[in-house]
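The chain contents come next:
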Amino acid sequence: MFATEEIEDGTYQHIIGVAFESAADTHFDYAVPDETWPIKIGQRGEVPLGKKNKLQTGFCIQIVQKEQSNKKFKLKIVK
């Protein structure tokens, strides 16, 4: 369901915040391409996490406005 590729800022239309059970106090932003949109808050899926892109089960906790995304990092893509 999800890819492990990364994209540069500005090449995506939608961003979601994903939380993981093992890191309840933080979340990570993922880019969502138009063909996968919409993703709903509470939806569960496996997403690549960390340098090795190990698939982890996460939950969509928010729809992020593009201006609010953490632009220090490349976003991994949800597919």
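Residues numbered from 1 in each chain as written. Predicted model: local features only at pLDDT ≥ 70, side-chain atom pairs only at ≥ 80, totals over all residues. Heavy atoms only, no water.

## Section: the overall build of the protein chain
- Summing up its helical and strand segments, the protein chain has zero helices and six strands in all.
- If you list the helices and strands of the protein chain from N to C, you get β-β-β-β-β-β.
- Taking all 79 residues of the protein chain together, the buried fraction comes to 37%.
- In the protein chain, of all internal contacts separated by at least 6 residues, the share reaching a separation of at least 24 is 59%.
- If you sum the accessible surface of the protein chain, you get close to 5300 Å²; carbon and sulfur atoms cover 49% of it. (Helix = DSSP H or I, 4+ residues; strand = E, 2+ residues; numbered from the N terminus. Buried < 20%, exposed > 50% of the residue type's maximum accessible area, 1.4 Å probe, protein only. Contact = heavy atoms within 4.5 Å. Areas by Shrake-Rupley, 256 points an atom, 1.4 Å probe, with all protein chains shown as cover.)

## Things to note about the side chain of Lys76
- Mapped onto the elements of the fold, Lys76 is located in strand 6 (residues 75–77).
- A distance of 2.7 Å separates a polar side-chain atom of Lys76 from the backbone oxygen of Gly50. (Polar contact = N/O pair within 3.5 Å; in protein donor to acceptor, adjacent residues only side chain to side chain.)

## Points about the packing of aromatic side chains
- According to the stated counting rule, one finds one aromatic pair in the structure shown.
- With a centroid separation of 5.9 Å and an interplanar angle of 55°, the aromatic rings of Phe20 and Phe28 are classed as tilted. (Phe/Tyr/Trp six-rings, centres within 6.5 Å; stacked < 30°, edge-to-face > 60°.)

## Focus: unusual backbone geometry
- Of note, the amide linkage connecting Trp37 to Pro38 takes the cis form, showing an omega dihedral of 5°.
- Among the structural elements, Pro38 can be located in the loop between strand 3 (23–32) and strand 4 (44–49).
- In this model, Asn53 sits at a positive phi of 55°, which is unusual for a non-glycine residue.
- As for its placement among the helices and strands, Asn53 is situated in the loop between strand 4 and strand 5 (54–64).

## Quick notes on the nonpolar core
- If you look at the biggest cluster of nonpolar residues, it comprises nine residues: Ile16, Val18, Phe20, Tyr30, Val32, Ile39, Val47, Cys60 and Val78.
- Within the residue set of this core, elements represented by two or more residues are strand 2 (14–20) and strand 3.
- The element that contributes the greatest number of residues to this core is strand 2, accounting for three residues.
- Sequence-distant contacts of Phe20, that is, excluding residues within four places in its chain, are made with Phe28, Tyr30, Val47, Leu49, Gln56, Thr57 and Gly58. (Core = buried A, V, L, I, M, F, W, Y, C linked by side-chain atoms within 4.5 Å.)

## Examining the pairing of strand 4
- Pairing geometry for strand 4 and strand 5, over six bridges, is antiparallel. Across the sheet, Val47 pairs through a bridge with Gln56, a residue of strand 5.
- Remark: four residues form the turn of the hairpin made by strand 4 and strand 5, two consecutive strands paired antiparallel; Gly50 in that turn has positive phi of roughly 85°. (Pairing = 2+ DSSP bridges.)

## Quick notes on the confidence of the model for the protein chain
- Scored by pLDDT, the protein chain has a mean of 79; 73% of the residues are at 70 or more.
- The secondary-structure element of the protein chain with the lowest mean pLDDT is strand 1 (residues 6–7), recorded at 51, while strand 2 shows the highest, at 92. (pLDDT = per-residue confidence, 0-100.)

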